[in-house]
Structure formats: structure tokens, C-alpha cells
Amino acid sequence: MLFNPTRDEARRFFIESWQKHQAAAPLTDLERMTVGVLLRHPEYHPFLSLDYLDRDWPPEFGETNPFLHVSMHLAIEEQLSIDQPPGVRALHRALCEKLGDEHAALHAMTEGLAEMIWQAQRRGVPPDPDHYLDVLRQLVGAPTSGN
């Protein structure tokens, strides 16, 4: 069965993971991964309370949704752990080398992931991992599958 939380369930998970971290309570592997992402984003720490459970961050206002951003990081961490789609791990390494910073590489990858999701939603089709990989190839200056 796939893990498919609602928006509120995902946000509560992030908030609870952060609270457990602050209390030095034992963490599950996924909580530890989540806290690792949150530690790289201190600008999001003020939002890790139930006060922000229902808040929206409309993109037209130029705000980044911290919960969405953390979710994208976690999706990429999972992709890298299993090299899915195949080749994503090598492209991540190439991005790290090109940008000289792993976190910058992960942020570049979130842009590619967001582009793939946006294209799928716009066209009403399933996400296309080849499109995602092509965006990453363009970022590293490698030939795309269409070339």
C-alpha cells in the first residue's frame, strides 16, 4: 500500500517530527530524514506549529510553501536512495559537482521535479520521469533524451 497522506496529515507529521527532535525523543528513519531537511531550512522553523496547519502559500504572492518544499526534498531523498527514475542518482552527483554544493543541487532538482508535476497537471497526464531527467540533464549540460 502506498503512503498517501492528506495535506494536514503530512503537515502534522513534519510538525511532530520537529517537536520530537526538539525534545530529543527517538525518531523513526523517516522522521530523521525529515528533521535533516528541516535542519537545512531554519527559515521554516517558525512555521512548524499547528498554528500554520491551515495556512496557504499562494505562488502568485511569491511565497514558498515550507511544507511543500520539505515534501519535495523528501521525494528527492527517496528517489536518490533507490535511483528511481534510473539515472537520477548520477545526475544528482553531476549537479553536486557542477554547483559545488549538495543543497543547491537538491534545490535545482526540486525545480525539475516541480516542472514535471506542473507539466503533468497542465496536460492531464501522469508525470513523465523522462521529462524530469531531461530537465536535470539540461542543468548539468548533458544531452537530453530528445537529442
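Refer to the structure presented above.
Just so it is clear, the structure is predicted and the values come from calculations on it, not from any experiment. (Residues numbered from 1 in each chain as written. Predicted model: local features only at pLDDT ≥ 70, side-chain atom pairs only at ≥ 80, totals over all residues. Heavy atoms only, no water.)

1. Side note on the packing of aromatic side chains
Each aromatic ring pair is specified by the distance between its two centres and by the angle formed by the two planes. As a reminder, the rule being used: Centres within 6.5 Å make a pair out of two Phe, Tyr or Trp rings, where for Trp the six-membered ring is used; the pair is then stacked when the planes are under 30 degrees apart, edge-to-face when over 60, and tilted otherwise. Only DSSP runs of H or I covering at least 4 residues are called helices, and only runs of E covering at least 2 are called strands; the numbering of each starts at the N terminus. Accessible area is worked out with a 1.4 Å probe on protein chains only. A residue is then buried under 20% of its type maximum, exposed over 50%, and partly exposed in between.
Under the criterion given, the structure shown has five aromatic pairs. Plain terms: the ring middles of Phe14 and Phe67 are 6.4 Å apart, the flat faces sit at 5 degrees to each other, and that makes the pair stacked. Of this pair, Phe14 sits in helix α1 (residues 7–22) while Phe67 sits in helix α3 (residues 66–82); the two residues are 53 residues apart in sequence, bridging distant segments of the chain. Since its relative accessible area comes to 5%, Phe14 is described here as buried.

2. A look at the pattern of salt bridges
For the record, the criterion: By salt bridge we mean one thing: a side-chain nitrogen of Lys or Arg within 4 Å of a carboxyl oxygen of Asp or Glu.
Applying the stated criterion across every chain yields a total of eight salt bridges. One salt-bridge network, in which partners are shared between bridges, spans Arg7, Asp8, Asp54 and Asp56.

3. So, α3
Quick reminder of the rule: Working rule for helices: expected span equals 1.5 Å times residues minus one. We call two residues in contact when some of their heavy atoms are within 4.5 Å. Within 3.5 Å is the distance limit for a polar contact, defined as a pair of N or O atoms, with the added protein rule that one can donate a hydrogen and the other accept it, and that residues adjacent in sequence qualify only through two side-chain atoms.
An ideal rise of 1.5 Å per residue puts 24 Å on 17 residues; α3 measures up with 25 Å between its terminal C-alpha atoms. Those residues of α3 lying buried are Pro66, Phe67, His69, Val70, Met72, His73, Leu74, Ile76, Glu77, Gln79 and Leu80. Each element contacted by the buried residues of α3 is listed here: α1, α2 (29–39), α4 (88–99), α5 (102–123) and α6 (129–140). Where α3 begins, the capping side chain belongs to Asn65, and its oxygen is found 2.9 Å from the backbone nitrogen of Phe67. Phi turns positive one or two residues past the end of α3, at Asp83, with a value near 50 degrees.

4. Digging into the packing of α3 against α4
Quick reminder of the rule: Lines fitted to C-alpha atoms define the axes, with helix axes restricted to the stretch in contact, and inter-axis angles between N-to-C directions lie between 0 and 180 degrees. Any angle from 65 to 115 degrees is called roughly perpendicular, while one under 35 is roughly parallel, one over 145 is roughly antiparallel, and all others are oblique.
The N-to-C vectors of α3 and α4 enclose an angle of 115 degrees; their axes lie 8 Å apart at closest approach. Between α3 and α4, the angle is such that the two are roughly perpendicular. Residues Gln79, Leu80, Ser81 and Ile82 of α3 form the contact with α4, whose own contacting residues are Val88, Arg89 and His92.

5. A few points about the environment of Ile117
In this structure, Ile117 sits in helix α5. According to the relative accessible area criterion, Ile117 is partly exposed, its value standing at 31%. Each C-alpha atom, one on Ile117 and one on Tyr132, is 8.8 Å from the other, the two residues being 15 residues apart in sequence.

6. Considering the nonpolar core
Note the following rule: Here the nonpolar core consists of buried residues drawn from Ala, Val, Leu, Ile, Met, Phe, Trp, Tyr and Cys, with membership extended through side-chain atoms lying within 4.5 Å.
Of all hydrophobic cores here, the largest spans 17 residues; its most connected members are Ile76, Val88, Leu95, Met109, Tyr132 and Leu136. Counting residues per element, the ones that place at least two in this core are α3, α4, α5 and α6. With six residues, α5 is the single largest residue contributor to this core. Not counting chain neighbours up to four residues away, the residues in contact with Met109 comprise Ile76, Leu80, Val88, His92, Leu95, Tyr132 and Leu136. Val37, Leu53, Phe67 and Val70 belong to the second-largest nonpolar core, a separate cluster that totals 14 residues.

7. Looking at the side chain of Ser17
Relative to the assigned elements, Ser17 resides in helix α1. Of the residues examined, Ser17 reaches a relative accessible area of 0% and is grouped as buried. Apart from the residues lying within four places of it in its own chain, the contact partners of Ser17 are Leu27, Glu31, Thr34 and Val35.

8. Topic: unusual backbone geometry
Following Gln84, the chain continues into Pro85 via a peptide bond in cis, with omega recorded as 5 degrees. Position of Pro85 relative to the elements: it lies in the loop between α3 and α4. Phi is positive for Ala24, close to 55 degrees, though the residue is something other than glycine. You can see Ala24 is positioned in the loop between α1 and α2. Since its relative accessible area comes to 69%, Ala24 is described here as exposed. Its identity as a non-glycine residue notwithstanding, Asp83 has a phi of 50 degrees, on the positive side. Within the element layout of this structure, Asp83 appears in the loop between α3 and α4. With a relative accessible area of 23%, Asp83 lands in the partly exposed category.

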